[in-house]
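Each chain is listed here by its residues.
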2 protein chains.
Amino acid sequence: MARLDRAAVLNGAWAYIEIHGVDALTMRKLAASLGVNHGTLYWHVENKHALIDALADDLLAGVADDPHSNAVGMERLAELAHRLRAALLSHRDGARILAGTFVRESHTLAFGEAAIGAARSAAVPERDAVLLAFSVQYYVTGFAIEEQAAQQLEYAPKRTDIDETRFPLVKAGLDTLRNTAHDKQFDYGLRRLLRT
Amino acid sequence: MARLDRAAVLNGAWAYIEIHGVDALTMRKLAASLGVNHGTLYWHVENKHALIDALADDLLAGVADDPHSNAVGMERLAELAHRLRAALLSHRDGARILAGTFVRESHTLAFGEAAIGAARSAAVPERDAVLLAFSVQYYVTGFAIEEQAAQQLEYAPKRTDIDETRFPLVKAGLDTLRNTAHDKQFDYGLRRLLRT
DNA sequence: ACCTGAACACCGTTCAAGT
DNA sequence: ACCTGAACACCGTTCAAGT
């Protein structure tokens, strides 16, 4: 049994979340899954909240880190948005984990830095670059949260049907969405946001 | 002591959240704040999860319900976006409460119905109306989550300063944002989204 | 430096029993 | 119909003590 370290705890947490979801994540259950007494975790991580914060920042590791991209301006911003979405979706409950905590760790900041940089090189008035970069981030986060929430519902088929007479547009709209790839939906709003 | 009912439990929950935040909300603490044994709550509400779901839908009560509005198309959609944001901000942790649960209750659906209706009357190709309405919703949710997270930080001044040499754009950007009213920031992205 | 064991002060949920 | 009291199976966190 290799000795535990902080990275192993984070990986164990991700593994647990993949199977049971964040809501079921417990220091005691996590410790058990790592074959360790639960008190031990507190040697590697300050407390549960700090663990979740670390997971949130972990999610963004490498998102802004693609030196071989040669996209610029709006193209680069779109690329970053896609990479951000992919990162949030790469782990179960990822979007909720990031949204729930106000992270200011290095990976999160590195993403912000790249996004603002891209926005500044775009055609918008330069003083709006920050606003644009953040708007993109809001959109991506909101989108990914809904996307993962919907995913969850598919597994737990509590199909509460929508009243067609009271909400005909929603009813028909959801059918439309079901037949539209998530990528297309994502791109639709993203393009509107980035259009010059 | 008036008898308890479901509405009183919801109101009590909001009152508790206003003071202590959702994370501190506990069935036992809530019961205590209502002057009642904690087992009692389960007579009025199925369980804690259902209570949170109810709070989420409660948040959207009346958002789509403004019969005297005479805005149409994009104007109407912008109006709904503003009303949604206001609703999310009207209670502490509101945005996180809504985002955390996949609600399909009546108020939530009523908002969707109004938003899609507005989008359909706008100049966009009608088959994109659903995409547009949802994009707006994603943006508003993402925005409000960050907005409330930032608010929280102001109260708890754990000002972890940002490394200016590594993240100069973020550092300068946050200063810009601090001097820009939240409403302006919100409108910036919203306009980009709704621009025809 | 890392881990165990045990303790402390909490949780959500259920359910007989009261009124 | 609504509420109490008590129980059950859990939590997160701390900390002496071990190695």
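All values derive from a computational prediction rather than experimental measurement. (Residues numbered from 1 in each chain as written. Chains lettered and ligands numbered in written order. Predicted model: local features only at pLDDT ≥ 70, side-chain atom pairs only at ≥ 80, totals over all residues. Heavy atoms only, no water.)

A. Focus on the packing of helix 5 (residues 73–89) of chain A against helix 7 (residues 106–120) of chain A. Residues and elements named next belong to chain A. Two elements in contact, helix 5 and helix 7, have axes whose closest approach is 7 Å; the angle formed by their N-to-C orientations is 155 degrees. Comparing their axes, helix 7 and helix 5 come out roughly antiparallel. Regarding helix 5 and helix 7, the two cross each other, and that crossing is left-handed. Between helix 5 and helix 7, the contacting residues are Gly73, Arg76, Leu77, Leu80 and Leu84 on the first element and Phe111, Ala114, Ala115, Ala118 and Ala119 on the second. In terms of residue class, the contact of helix 5 with helix 7 is built from eight nonpolar, one polar and one charged. (Axes fitted to C-alpha atoms, helices over the stretch in contact; angles between N-to-C directions. Helix = DSSP H or I, 4+ residues; strand = E, 2+ residues; numbered from the N terminus. Parallel < 35°, antiparallel > 145°, perpendicular 65-115°, else oblique. Left-handed = near helix turned anticlockwise from the far one by under 90°. Contact = heavy atoms within 4.5 Å. Nonpolar A, V, L, I, M, F, W, Y, C, P; charged D, E, K, R; others polar.)

B. Structural detail: the interface of chain A and chain B. Across the boundary between the two partners, chain A contributes 49 residues, which contact 49 residues of chain B. Each partner contributes to the roughly 4,900 Å² buried at the junction of chain A and chain B, and carbon and sulfur atoms together form 69% of this total. Contact with chain B buries surface across chain A, with Phe102, Tyr138 and Leu169 of chain A losing the most and accounting together for 14% of the total. At the surface where chain A touches chain B, the tally comes to zero salt bridges. Run the count over chain A and chain B and you get nine residue pairs in polar contact (both at pLDDT 80 or more). For the side of chain A that touches chain B, the elements supplying multiple residues, two or more each, are helix 6 (94–100), helix 7, helix 8 (129–155), helix 9 (168–178) and helix 10 (182–194) of chain A. (Buried area = accessible area lost by both parts, 1.4 Å probe. Salt bridge = Lys/Arg side-chain N within 4 Å of Asp/Glu carboxyl O. Polar contact = N/O pair within 3.5 Å; in protein donor to acceptor, adjacent residues only side chain to side chain.)

C. Representation of the packing of aromatic side chains. Inspection of every chain in the model, using the stated rule, returns 12 aromatic pairs over all chains. An angle of 55 degrees between the planes, with centres 6.2 Å apart, marks the rings of phenylalanine 134 of chain A and tyrosine 138 of chain A as tilted. Residue phenylalanine 134 of chain A and its partner tyrosine 138 of chain A are both found in helix 8; the two are separated by four residues, about one turn of the helix. Between phenylalanine 143 of chain B and phenylalanine 186 of chain B the ring centres are 5.1 Å apart and the planes differ by 70 degrees, which places this aromatic pair in the edge-to-face class. In this pair, phenylalanine 143 of chain B sits in helix 8 (residues 129–155) while phenylalanine 186 of chain B sits in helix 10 (residues 182–194), placing the two residues 43 residues apart along the sequence. For the residue pair phenylalanine 143 of chain B and phenylalanine 186 of chain B, the accessibility class agrees, reading buried in each case. The rings of Phe134 and Tyr138 of chain A together with Tyr139, Phe143 and Phe186 of chain B are connected pair by pair, giving a single aromatic cluster. The lysine or arginine in question, arginine 85 of chain A, covers the ring of phenylalanine 186 of chain A, its NZ or CZ lying 4.9 Å from the ring centre. (Phe/Tyr/Trp six-rings, centres within 6.5 Å; stacked < 30°, edge-to-face > 60°. Buried < 20%, exposed > 50% of the residue type's maximum accessible area, 1.4 Å probe, protein only. Lys NZ or Arg CZ within 6 Å of the ring centre and 35° of its normal.)

D. A look at the side chain of threonine 101 of chain B. Residues and elements named next belong to chain B. One can find threonine 101 in the loop between helix 6 (94–100) and helix 7 (106–120). Engagement of the side chain of threonine 101 in a polar contact is seen with the backbone oxygen of isoleucine 97, the distance being 3.5 Å. Excluding residues that lie within four positions of it along the chain, threonine 101 makes contacts with Ile52, Asp53 and Ala56.

E. Representation of the pattern of salt bridges within the structure. Residue and element names in this part refer to chain B. Counted under the stated rule, the structure contains 20 salt bridges over all chains. Between aspartate 93 and arginine 96 there is a salt bridge, with the nearest N and O atoms lying 3.5 Å from each other. A relative accessible area of 27% places arginine 96 in the partly exposed class.

F. Local environment of the side chain of arginine 85 of chain A. Residues and elements named next belong to chain A. Summarising the element assignment, arginine 85 is placed in helix 5. For arginine 85, a relative accessible area of 7% corresponds to the buried category. A polar contact is formed between the side chain of arginine 85 and the side chain of glutamate 147, at a distance of 2.8 Å.

G. Representation of helix 4 (residues 48–59) of chain B within the structure. Residue and element names in this part refer to chain B. Here helix 4 spans 17 Å end to end across 12 residues, near enough to the 16 Å set by a 1.5 Å rise per residue. The element helix 4 is extensively covered by neighbouring structure, given that nine of its 12 residues are classed as buried. Taken as a whole, helix 4 has its buried residues at Ala50, Leu51, Ile52, Asp53, Ala54, Leu55, Ala56, Asp57 and Leu59. Contacts made by the buried residues of helix 4 are with helix 1 (6–20), helix 2 (27–33), helix 5 (73–89), helix 6 and helix 7. Its side-chain oxygen 3.2 Å from the backbone nitrogen of histidine 49, asparagine 47 forms the N-cap of helix 4. (Expected span 1.5 Å × (residues − 1).)

Interpretation in functional terms is not warranted from these geometric data alone.
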